[in-house]
Each structure stands twice: as C-alpha cells, then as structure tokens.
Amino acid sequence: ETVSNVRKAWFLVDQARRELRLYTEKLTHLSQLNFTVSATAYESGQIPFSEAMDTMQLRLNTRLGEEKRKEQLGVSIARLNEAVGGSWPEK
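Now for a quick tour of the structure. (Residues numbered from 1 in each chain as written. Predicted model: local features only at pLDDT ≥ 70, side-chain atom pairs only at ≥ 80, totals over all residues. Heavy atoms only, no water.)

This brings us to the nonpolar core. Grouped together as the largest cluster of nonpolar side chains are 7 residues: Ala9, Val13, Ala16, Leu20, Leu73, Ile77 and Leu80. Every element with two or more residues in this core is listed here: α1 (2–43) and α2 (49–84). No other element matches α1, which puts 4 residues into this core. (Core = buried A, V, L, I, M, F, W, Y, C linked by side-chain atoms within 4.5 Å. Buried < 20%, exposed > 50% of the residue type's maximum accessible area, 1.4 Å probe, protein only. Helix = DSSP H or I, 4+ residues; strand = E, 2+ residues; numbered from the N terminus.)

As structure tokens, then:
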C-alpha cells in the first residue's frame, strides 16, 4: 500500500511540475504578448474596448492559473512527503 501511495503522490508532483513549467515558460508569456498586441490595436482604434478587456481578462486568468499551479505543486510535495514519511529531497 505504501508503494502505491508513493507512486500516486510522485505522479501528482510530476504532473504539477510539468503544468507549472508550461505556465511559466509558455502560457504566461503568450498571454502577455496577446495583451500587448490588443492594447496597441485598441489605442490605434482597430478593436473595440470590450475586446481589449477580454485580452486583459485572459492575461489575469493566465496569471491566476500559474499561481494555482504553484499551489498544486506545494500541496503535492507535502502529500509526497507524507507518503514517504519524511522530507523528499528537492531538485
């Protein structure tokens, strides 16, 4: 049972790390670029205010998603530590 619990906990840590890496290396940057382009388009009158606000909301939601992934990683590491009965060494 212990081995199964450790495997499950390790899987969740690995998944949380991969998701956080996706947000920090790709999604957050892309949402910022999207917002920058949208703000420039709004300032030049090419898109309406509502569309510019949609991109701002997407940017904020992406940042929130990144912070949630950080939380999930912390929780999954704590569960892994609990499963192994001590502190798991971090990279």
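Moving on, there is more to tell.
This part takes up α2. Since the α-helix advances by 3.6 residues per turn, residues separated by three or four positions end up pointing in the same direction. With 36 residues, α2 extends 53 Å from end C-alpha to end C-alpha; this agrees with the ideal 52 Å at 1.5 Å per step. Where α2 is concerned, the buried positions are Ala52, Thr55, Arg59, Thr62, Gly65, Glu66, Arg69, Leu73, Ser76, Ile77 and Leu80. Buried positions along α2 lie against α1. Downstream of α2 by a residue or two, glycine 85 has a phi angle that is positive, lying close to 80 degrees. (Expected span 1.5 Å × (residues − 1). Contact = heavy atoms within 4.5 Å.)

This part is about α1. Over its 42 residues, α1 runs 59 Å from end to end, which matches the ideal 62 Å to within 8%, given 1.5 Å per residue. When the local axis directions of α1 are compared, the greatest deviation, roughly 40 degrees, occurs at tyrosine 23. Those residues of α1 lying buried are Ala9, Val13, Ala16, Arg17, Leu20, Tyr23, Thr28, Ser31, Ser38 and Ala41. Positive phi appears at glycine 45, one or two residues downstream of α1, with a value of about 80 degrees. (Bend = angle between axes of the 7 residues up to and from the residue.)

Quick look at the side chain of threonine 55 now. Mapping threonine 55 onto the fold places it in helix α2. By relative accessible area, threonine 55 is classed as buried at 10%. Residues within four places of threonine 55 in sequence aside, it is in contact with Asn34, Phe35 and Ser38.

Once that is clear, we can look at a nonpolar patch on the surface. A surface patch of nonpolar side chains, about 330 Å² in accessible area, is lined by Leu22, Leu27, Leu30 and Leu33. Examined against the element boundaries, leucine 22 turns out to sit in helix α1. Taking the relative accessible area as the measure of exposure, leucine 22 reaches 42% and is therefore partly exposed. (Patch = residues over 30% accessible without salt bridge, like charges linked within 9 Å, V, L, I, M, F, W, Y side chains within 5 Å. Areas by Shrake-Rupley, 256 points an atom, 1.4 Å probe, with all protein chains shown as cover. Salt bridge = Lys/Arg side-chain N within 4 Å of Asp/Glu carboxyl O.)

This brings us to the packing of α1 against α2. Between two packed helices, what matters for the description is the angle formed by their axes and the separation of those axes. Following both chains from N to C, one finds α1 and α2 inclined at 165 degrees, their axes separated by 8 Å at the closest point. When the axes of α1 and α2 are compared, the pair comes out roughly antiparallel. Read as a crossing pair, α1 and α2 show a hand that is left-handed. When grouped by side-chain class, the residues that make up the contact of α1 with α2 number 20 nonpolar, 13 polar and 9 charged. (Axes fitted to C-alpha atoms, helices over the stretch in contact; angles between N-to-C directions. Parallel < 35°, antiparallel > 145°, perpendicular 65-115°, else oblique. Left-handed = near helix turned anticlockwise from the far one by under 90°. Nonpolar A, V, L, I, M, F, W, Y, C, P; charged D, E, K, R; others polar.)

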